[in-house]
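Below, each chain spelled out in residue letters.
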Amino acid sequence: SIPVAPDNDDYGETPSLAGIISVGNPKTAEIEQSNDVDWFAISMQEGSTYQIDLEGSPTSAGSLTDTYLNGIYDASGNLIAGTANDDGGVGANSRTAFTAPTAGTFYISARAYGTSTGTYTLTATDITSAYNTNEFNITINFNGDVRYLSYFEAAVLRWTQIITGDLADIIS
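Residues numbered from 1 in each chain as written. Predicted model: local features only at pLDDT ≥ 70, side-chain atom pairs only at ≥ 80, totals over all residues. Heavy atoms only, no water.

Draft legend 1. Highlighting the sheet that holds strand S3 (residues 37-44). Across the sheet, which stays open at both edges, the four strands sit in the order S1-S3-S7-S5 with mixed pairing between neighbours. Of all the strands in the sheet, the pair left with one neighbour each is strand S1 (19-20) and strand S5 (67-73). Sheet topology places S5 next to strand S7 (residues 104-112); six bridges connect them, and they run antiparallel. Considered in S7, the bridge of Gly71 is made with Ser109. (Pairing = 2+ DSSP bridges. Helix = DSSP H or I, 4+ residues; strand = E, 2+ residues; numbered from the N terminus.)

The structure is reproduced here in structure tokens:
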């Protein structure tokens, strides 16, 4: 038999019952009852970075007062570590950034924080260009003793690695 979501639930909470969302096309849905979870299938490209926003009343994108992003799941339905988020967006909205390790279908799992109910908007945005580290440059104008120049050059390299490596943590 084919699994179906309960009559009062707009989207199911498994890959086989997931709704569909596409990059750049927001999806409005509802947490109809306490502990409801909605899953959405999304196609992603390998190496592309996506910002996932789950928004409710803090940005007038729904009536849900506090959203919770359970995380992003792989094609087999396994949670990808580090993708869950609570309050990473505006107010009590959720936001995470994710770089797809492979091309294919992934799943986004949305719910309310606690037992709240209400509507929300889920958006996936391709922000790959924002993560282009080739456009990042640190320049230090050094006018000191040339014996110390190598230390400054090493510091520039290390800070470039730290900053570009942590951009995903800062943005998400």
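Draft legend 2. Geometry of the environment of Arg111. The topology assignment puts Arg111 in strand S7. A relative accessible area of 25% means that Arg111 is categorised as partly exposed. Remark: the alpha-carbon pair of Arg111 and Ser34, spanning 77 residues in sequence, is separated by 9.2 Å. With sequence-adjacent residues up to four places away left out, Arg111 is seen in contact with Ile31, Asp36, Val37, Leu54, Leu64, Thr67, Tyr68 and Asn70. A polar side-chain atom of Arg111 sits 2.7 Å from a polar atom in the side chain of Asn70. (Buried < 20%, exposed > 50% of the residue type's maximum accessible area, 1.4 Å probe, protein only. Contact = heavy atoms within 4.5 Å. Polar contact = N/O pair within 3.5 Å; in protein donor to acceptor, adjacent residues only side chain to side chain.)

Draft legend 3. Representation of unusual backbone geometry in the model. Look at Asn35: it is not a glycine, yet its phi comes out positive at around 70 degrees. With respect to the helices, strands and loops of the structure, Asn35 is situated in the loop between strand S2 (27-31) and S3. Despite not being glycine, Ser60 has its phi angle at roughly 55 degrees, a positive value. Structurally, the position occupied by Ser60 is in the loop between strand S4 (49-55) and S5.

Draft legend 4. View of the packing of aromatic side chains. Following the criterion strictly, the structure yields five aromatic pairs and no others. Judged by centre distance (6.4 Å) and plane angle (45 degrees), the ring pair of Tyr68 and Tyr113 falls under tilted. In this pair, Tyr68 is assigned in strand S5 and Tyr113 in the loop between S7 and strand S8 (118-126), connecting sequence segments 45 residues apart. Since its relative accessible area comes to 19%, Tyr68 is described here as buried. (Phe/Tyr/Trp six-rings, centres within 6.5 Å; stacked < 30°, edge-to-face > 60°.)

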